[in-house]
Amino acid sequence: RRVQAFGAAGSALLLAAAVIHRDASLGAYVLSQLLCVVATTNVVSYLKNRQSASNQRFDNLLDGIHAYVLEADLLDGNVTFRNKQTVNRLGAIESLADLLTFVHPDDVDSVVRGIERGSASLTPVTLEVRIVVDDSVHHMEQRITFARVTGRVRVRHVFFDVSSRKRIELEMEHRAFHDV
């Protein structure tokens, strides 16, 4: 059995964790592991500020790339993160269902199957899909990854616009077929 304690007194903070098990030969509970950490609230505040600064740097990095990035809870479908590029072009997507409204109708099943396939084993999936924004169709490479966060599965979507590459591929196919 694991026991955890948290307490604060004045400017000190105590974190303690213990593992206690029942020893049948003794007929009693025995403490087998104990970890205690005492820190001042200044240290705790410093660590929280460092974590916040690190998160901000990561958010800034994702805001600076030319891709749509969002993360959602797989169980309830609620979006937990979206970068500025996503918000600027697609608006405030709140759920995976909202995201699917931008996917071309012919590609929705492929995206849903990709999520199902990847989430079963938490393996990445890469798809080529079309999204529709302001009545324009964009060819996108979609990378879907999965991570377990506090006991829940998060699904991360990153969309890279490959429309230029797709146009060139289609033009080359057309020329090859028509010997232009």
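For the structure, check the block above.
The rules we used
- Residues numbered from 1 in each chain as written.
- Predicted model: local features only at pLDDT ≥ 70, side-chain atom pairs only at ≥ 80, totals over all residues.
- Heavy atoms only, no water.
- Helix = DSSP H or I, 4+ residues; strand = E, 2+ residues; numbered from the N terminus.
- Buried < 20%, exposed > 50% of the residue type's maximum accessible area, 1.4 Å probe, protein only.
- Polar contact = N/O pair within 3.5 Å; in protein donor to acceptor, adjacent residues only side chain to side chain.
- Core = buried A, V, L, I, M, F, W, Y, C linked by side-chain atoms within 4.5 Å.
- Contact = heavy atoms within 4.5 Å.
- Salt bridge = Lys/Arg side-chain N within 4 Å of Asp/Glu carboxyl O.
- Pairing = 2+ DSSP bridges.
- Expected span 1.5 Å × (residues − 1).

S.K.: Explanation requested: the environment of Ser-164 in the structure shown.
M.R.: Note on placement: Ser-164 falls in helix α5 (residues 163–178). Take Ser-164: its relative accessible area is 46%, and that puts it in the partly exposed class.

S.K.: How do you make sense of the environment of Ser-121 when you look at a structure like this?
M.R.: Take Ser-121: it is sitting in helix α4 (residues 108–121). Considered as a pair, Ser-121 and Phe-146 are 25 residues apart in the sequence and their alpha carbons are 9.0 Å apart. Engagement of the side chain of Ser-121 in a polar contact is seen with the side chain of Thr-123, the distance being 2.9 Å.

S.K.: Would you take a moment to explain the nonpolar core for this structure?
M.R.: Proteins that are soluble and globular tend to have nonpolar side chains buried together. Ranked by internal contacts, the top residues of the largest apolar core, which has 23 residues, are Ile-93, Ile-131, Ile-144 and Phe-159. When residues of this core are traced back to their parent elements, those giving at least two are β4 (68–73), α3 (96–100), α4, β6 (125–133), β7 (136–149) and β8 (152–161). Considering every element that reaches this core, the biggest residue donor is β6, with five residues. Setting aside residues up to four positions removed in sequence, Phe-159 forms contacts with Ala-67, Tyr-68, Leu-99, Val-129, Ile-131, Met-140, Glu-141 and Gln-142.

S.K.: Can you help me understand the pattern of salt bridges in this one?
M.R.: If charged atoms from side chains of opposite charge come close, those side chains can pair. Taken as a whole and judged by the stated rule, the model has 12 salt bridges. As a salt-bridge pair, Glu-71 and Arg-154 come within 3.3 Å of each other at their nearest N and O atoms. Here Glu-71, found in strand β4, pairs with Arg-154, found in strand β8; they are 83 residues apart in sequence, far enough to count as distant. Both residues of the pair, Glu-71 and Arg-154, belong to the buried class. Ionic contacts of the salt-bridge type, sharing partners, join the residues Glu-128, Arg-165, Lys-166 and Glu-169 into one network.

S.K.: Would you mind showing me how to read the pairing of β6 here?
M.R.: Strand residues, when the strand is regular, have side chains that alternate between the two faces of the sheet. The alternating pattern of β6 places Val-125, Leu-127, Val-129, Ile-131 and Val-133 on a buried face, while none of Thr-126, Glu-128, Arg-130 and Val-132, on the opposite face, is buried. As paired strands, β6 and β7 are joined by nine bridges and run antiparallel to one another. Directly across from Leu-127, in β7, lies its bridge partner Gln-142. Counted along the chain from β6 to the antiparallel partner β7, the turn is two residues long, and its residue Asp-134 has a positive phi close to 50°.

S.K.: Hey, could you run me through α4 in this one?
M.R.: At 3.6 residues per turn, the α-helix brings residues three or four places apart onto the same side. With 14 residues, α4 ought to run about 20 Å at 1.5 Å a step, and its terminal C-alpha atoms sit 21 Å apart, in line with that. Those residues of α4 that are buried lie in contact with α3, β6, β7 and β8. In the segment just after α4, Leu-122 is the residue with positive phi, at about 55°.

S.K.: Whenever I open this one, α5 confuses me. Can you help?
M.R.: With 16 residues, α5 ought to run about 22 Å at 1.5 Å a step, and its terminal C-alpha atoms sit 22 Å apart, in line with that. Looking one or two places after α5, you find Asp-179, whose phi comes out positive at around 50°.

Purely spatial values, then, with no claim about function.
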